[in-house]
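# An overview of the molecular structure
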Amino acid sequence: MPDDELRNPQVAELRIALESLGLSTKGQVKVLKERLRKAKKRTQDSAVETESNSSESAIESNASEATEEPVVARKVQQPFDFYCVFDVEATCREDNVGWKHEVIEFPVVLVCGRTFETIAEFRSFVRPVLNPVLSDFCTQLTGITQDQVDSAPTFPEVLKLFESFLSRYKVKHGRMRFITDGPWDIRDFVRNQCVYSDIRRPAYFDTYLDLRRIFTKFYGRKGGKRANLNGMLSLLNMEFEGRQHSGIDDTRNIAKIAVCLMEKGCVFDSTLR
Ligand code: AMP
Ligand code: MG
Ligand code: MG
């Protein structure tokens, strides 16, 4: 630990907060405090700007759709009918080098692109096949127990259940996009899992929207690292609810950020990928 963090524990806290926002952690306590204050202010200022922009378009859409659905008409229409917010958990060890991560939790929060409301949730644990025994580290990290995965369906079976869920809510695959916190869930975990399960990757996983990228773009932050889940929540003055690394709790918190951005006028379009 650097000397200044030992002398002043607040410095360590400030550095953790800045790191989660993707900002530099260099400098002394005064500099760190100022950097954090400015980051939060920038986010709030641009939120105010986008909110006033979106209320302008709300006035226009109210004029043309005045009597039908006034509450819905105030919102900026999203280009997709549905969003599947998605955050998988996978088998892991403390040292993941060379480890084949298998999906063990498959949680989805289904959000309506018109009202931004949560329509339903889908959640299944998934039974790993290559390494069926979870490490203690993995159970401690994710809260997922051996019993939960032992009695769960395999990945291809979970995909079938997920597809039935989509049909039940009349979700057309082409009118839906996944929203994930970073690229790892679909680009890495799902793609590799399809190889391990020896199945063709379903087309609905061909594309996804990375919330970290969308967040950075919406707030016009240039360069540097992107804010992580806790960083984005903190910039929006929200807190993580539930248990970190529980797939369903992570998913609900990601959905909270996505919906908050939608309400501020952020458009969740493919072009933002
Ligand atoms: P998350 O969505 O952040 O909960 O992470 C998804 C998956 O990444 C977890 O289920 C683990 O397999 C892996 N993972 C996340 N954080 C760690 C960590 N600190 N050490 C090892 N694996 C991790
Ligand atoms: Mg995640
Ligand atoms: Mg997670």
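Because the structure is predicted, anything quoted here is derived from the model rather than measured.

Conventions we followed
Residues numbered from 1 in each chain as written. Chains lettered and ligands numbered in written order. Predicted model: local features only at pLDDT ≥ 70, side-chain atom pairs only at ≥ 80, totals over all residues. Heavy atoms only, no water. Near = heavy atom within 4 Å. Polar contact = N/O pair within 3.5 Å; in protein donor to acceptor, adjacent residues only side chain to side chain. Areas by Shrake-Rupley, 256 points an atom, 1.4 Å probe, with all protein chains shown as cover. Helix = DSSP H or I, 4+ residues; strand = E, 2+ residues; numbered from the N terminus. Nonpolar A, V, L, I, M, F, W, Y, C, P; charged D, E, K, R; others polar. Salt bridge = Lys/Arg side-chain N within 4 Å of Asp/Glu carboxyl O. Buried < 20%, exposed > 50% of the residue type's maximum accessible area, 1.4 Å probe, protein only. Contact = heavy atoms within 4.5 Å. Donors = N, O, S within 2.8 Å, 3.2 Å for Na, K, Ca; no water. Core = buried A, V, L, I, M, F, W, Y, C linked by side-chain atoms within 4.5 Å. Phe/Tyr/Trp six-rings, centres within 6.5 Å; stacked < 30°, edge-to-face > 60°.

Taken together, 15 residues surround ligand 1, and among them Glu-89, Ala-90, Asn-96, His-245 and Asp-250 come closest. Within the side chain of Asn-96, an N or O atom sits 2.9 Å from a nitrogen atom of ligand 1. Burial of ligand 1 by the surrounding chains reaches 72%, relative to a free accessible area of 480 Å². Per-element tally for the shell around ligand 1: the top contributor is helix α5 (residues 136–142), with three residues. The residue makeup of the shell around ligand 1, split by class, is six nonpolar, five polar and four charged.

With that settled, consider the pattern of salt bridges. As enumerated under the stated definition, the model contains ten salt bridges in all. With a closest N to O distance of 2.7 Å, Glu-19 and Lys-225 form a salt bridge. A residue pair is termed long-range when its members are at least 10 positions apart, and Glu-19 in helix α2 (residues 9–20) and Lys-225 in the loop between α9 (211–218) and α10 (229–235) qualify at 206 residues. On the basis of relative accessibility, which here comes to 42%, the residue Glu-19 falls in the partly exposed class. Between Asp-188 and Arg-187 there is a salt bridge; the shortest N-O distance is 3.0 Å.

This next bit is on the side chain of Thr-251. Within the element layout of this structure, Thr-251 appears in helix α11 (residues 247–263). With near-sequence residues (within four places) excluded, Thr-251 lies in contact with Val-85, Phe-86, Asp-87, Pro-107, Val-108 and Val-109.

To continue, consider the coordination of the magnesium ion (ligand 3). The coordination sphere of the magnesium ion (ligand 3) contains the protein donors Asp-87 (OD), Glu-89 (OE) and Asp-250 (OD), at a distance range of 1.9 to 2.0 Å. Mapped onto the sequence, the residues coordinating the magnesium ion (ligand 3) show the spacing D-x1-E-x160-D. For the pair the magnesium ion (ligand 3) and the magnesium ion (ligand 2), the metal-to-metal distance amounts to 3.5 Å, and Asp-87 bridges them. Of the two residues, Asp-87 sits in the loop between β1 (82–86) and β2 (89–90) while Asp-250 sits in helix α11, which places them 163 residues apart along the sequence.

Its identity is not glycine, yet Lys-170 carries a phi of approximately 55 degrees, on the positive side. Within the secondary structure, Lys-170 sits in the loop between α7 (155–168) and β5 (176–180). For Lys-170, a relative accessible area of 69% gives the class exposed. With phi around 60 degrees, Asn-237 is a residue other than glycine that occupies positive phi space. Inspection of the secondary structure assignment puts Asn-237 in the loop between α10 and α11. Note on Asn-237: relative accessible area 56%, which makes it exposed.

In terms of nonpolar packing, the biggest core is built from 38 residues, with Tyr-83, Ile-179, Leu-211, Phe-215, Ile-257, Leu-261 and Phe-268 touching the most fellow members. Among the elements of the structure, α2, α3 (29–64), β1, β3 (103–112), α9, α10 and α11 are those that each provide at least two residues to this core. Among all residues touching Ile-179, those that are not within four sequence positions of it are Tyr-83, Cys-84, Val-85, Phe-86, Leu-209, Leu-211, Ala-258, Met-262 and Phe-268. Judged by nonpolar contacts, the second largest core, of 26 residues, contains Phe-82, Val-103, Leu-166 and Tyr-208.

Here we take up the packing of aromatic side chains. Enumeration over the complete set of coordinates arrives at 19 aromatic pairs. Ring centres 6.0 Å apart and planes at 35 degrees place the aromatic pair Phe-86 and Phe-205 in the tilted group. With Phe-86 in strand β1 and Phe-205 in the loop between α8 (184–196) and β6 (208–210), this residue pair connects regions lying 119 residues apart in the sequence. The residues Phe-86 and Phe-205 share a single accessibility class, namely buried. Members of the aromatic cluster, connected to one another through ring pairs, are Phe-86, Phe-106, Phe-122, Phe-155, Phe-162, Phe-165, Tyr-169, Phe-178, Tyr-204 and Phe-205.

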